[in-house]
Amino acid sequence: MEQGKDQGLKGALGLAGPEACLAYYRHWAENYDQGFASEMQYLLPAHVAAAFLGSRGQGPVLDVGAGTGLLAAALRQMGFTDPVDAVDFSAAMLERAAEKGIYEGQFQADITKPLSLPRRYGGIVSSGTFTAGHVGPEALPHLLSVARPQAQFALSINRRVWTSAGFDVALADLADQKRITDLHLIEVDVYGAAAAGIDAEHAADRAAIALFRAA
Ligand SMILES: C[S@@+](CC[C@H](N)C(=O)[O-])C[C@H]1O[C@@H](n2cnc3c(N)ncnc32)[C@H](O)[C@@H]1O
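Residues numbered from 1 in each chain as written. Predicted model: local features only at pLDDT ≥ 70, side-chain atom pairs only at ≥ 80, totals over all residues. Heavy atoms only, no water.

Participant: Report on the sheet that holds strand β7 (residues 206–214), specifying residues and quantitative values.
Facilitator: In space, the 7 strands of this open sheet follow the order β3-β2-β1-β4-β5-β7-β6, with mixed pairing throughout. For this open sheet the edge positions go to β3 (106–108) and β6 (180–189), each flanked by a neighbour on one side alone. Taking each pair of neighbouring strands and ignoring which way they run, the sheet shows an average axis angle of 15°. When β6 meets β7, the two strands line up antiparallel, connected through 8 bridges. Along β7, the bridge assignment pairs E187 with A208. (Pairing = 2+ DSSP bridges. Helix = DSSP H or I, 4+ residues; strand = E, 2+ residues; numbered from the N terminus. Axes fitted to C-alpha atoms, helices over the stretch in contact; angles between N-to-C directions.)

Take a look at the structure:
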């Protein structure tokens with residue numbers, strides 16, 4: 001079997017490097033919503049959307065590692081009407097998102113590299129992208145570079161990588177350097193109760209939603 005194909009969440013969290021990640025999502029895109037998100041009762045996009053709106057976040061919004069568009073869909077369900085753009089390095093995932101017609105702009109880019117996007121954002125959100133086998137804190141400066149002054153961030157960071165990948169230190173450094181303000185964390189469950197019957201190892205995963213503003 002090709003590396004990562006059809007191994008669901010377990011395969012995704014064990015990915016080693018960007019090429020493996022891209023290859024994995026090429027296959028996973030096909031049944032990400034109906035398989036993984038539905039079966040595991042994937043709550044995280046809705047938690048991030050609620051946290052962003054609860055912080056009075058405004059658009060235009062950039063959804064980082066947008067995937068199939070579940071976070072933007074949650075924002076729309078909660079009544080948010082400002083423009084939302086997507087950035088993701090997987091063309092296959094962005095194709096699924098495009099079918100939903102919720103993003104104004106969709107950009108294929110690697111967020112661990114400097115971003116060249118056509119506008120600056122009043123809000124930057126992300127669910128499920130800062131996790132094992134995915135993206136580390138090296139992306140944070142690139143996201144700050146496309147944020148307007150005072151832009152509201154709401155980024156989920158899986159608790160498994162909070163310290164090991166250095167998110168704790170990276171966010172504290174950005175606050176010390178006064179590049180971000182108003183940093184606080186909300187703890188949430190990533191999955192609902194049904195996940196226990198599907199993947200006992202990850203069913204109880206928790207994430208921190210890092211809320212902060214660009215300076
Ligand atoms: C677990 S999915 C989350 C998708 C969506 N936000 C959600 O909550 O359903 C992680 C997403 O991050 C994207 N991704 C991983 N590494 C990336 C990178 N370096 N640059 C851009 N996107 C990346 C993947 O392509 C995938 O769509």
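The rest of the description comes next.
Participant: I'd like to hear about the packing of helix α4 (residues 44–54) against helix α5 (residues 70–77), residue by residue, with values.
Facilitator: Here α4 crosses α5 at 50°, and the two axes come no closer than 8 Å. With respect to each other, α4 and α5 are oriented oblique. Crossing handedness for the pair α4 and α5: right-handed. Every residue of α5 that contacts α4 at P45, A46, V48, A49, F52 and L53 is listed here: L70, L71, A74 and L75. Each residue belonging to the contact of α4 with α5 can be placed in one class, and the counts come to 10 nonpolar, no polar and no charged. (Parallel < 35°, antiparallel > 145°, perpendicular 65-115°, else oblique. Left-handed = near helix turned anticlockwise from the far one by under 90°. Contact = heavy atoms within 4.5 Å. Nonpolar A, V, L, I, M, F, W, Y, C, P; charged D, E, K, R; others polar.)

Participant: An account of the environment of V161 is requested, with residue identities and associated values reported.
Facilitator: You can see V161 is positioned in the loop between β5 (147–158) and α8 (167–176). V161 gets classed as buried once you look at its relative accessible area, which sits at 9%. A C-alpha to C-alpha distance of 33 Å links V161 and T81, two positions 80 residues apart in sequence. Apart from the residues within four sequence positions on either side, V161 is in contact with F130, T131, A132, G166 and F167. (Buried < 20%, exposed > 50% of the residue type's maximum accessible area, 1.4 Å probe, protein only.)

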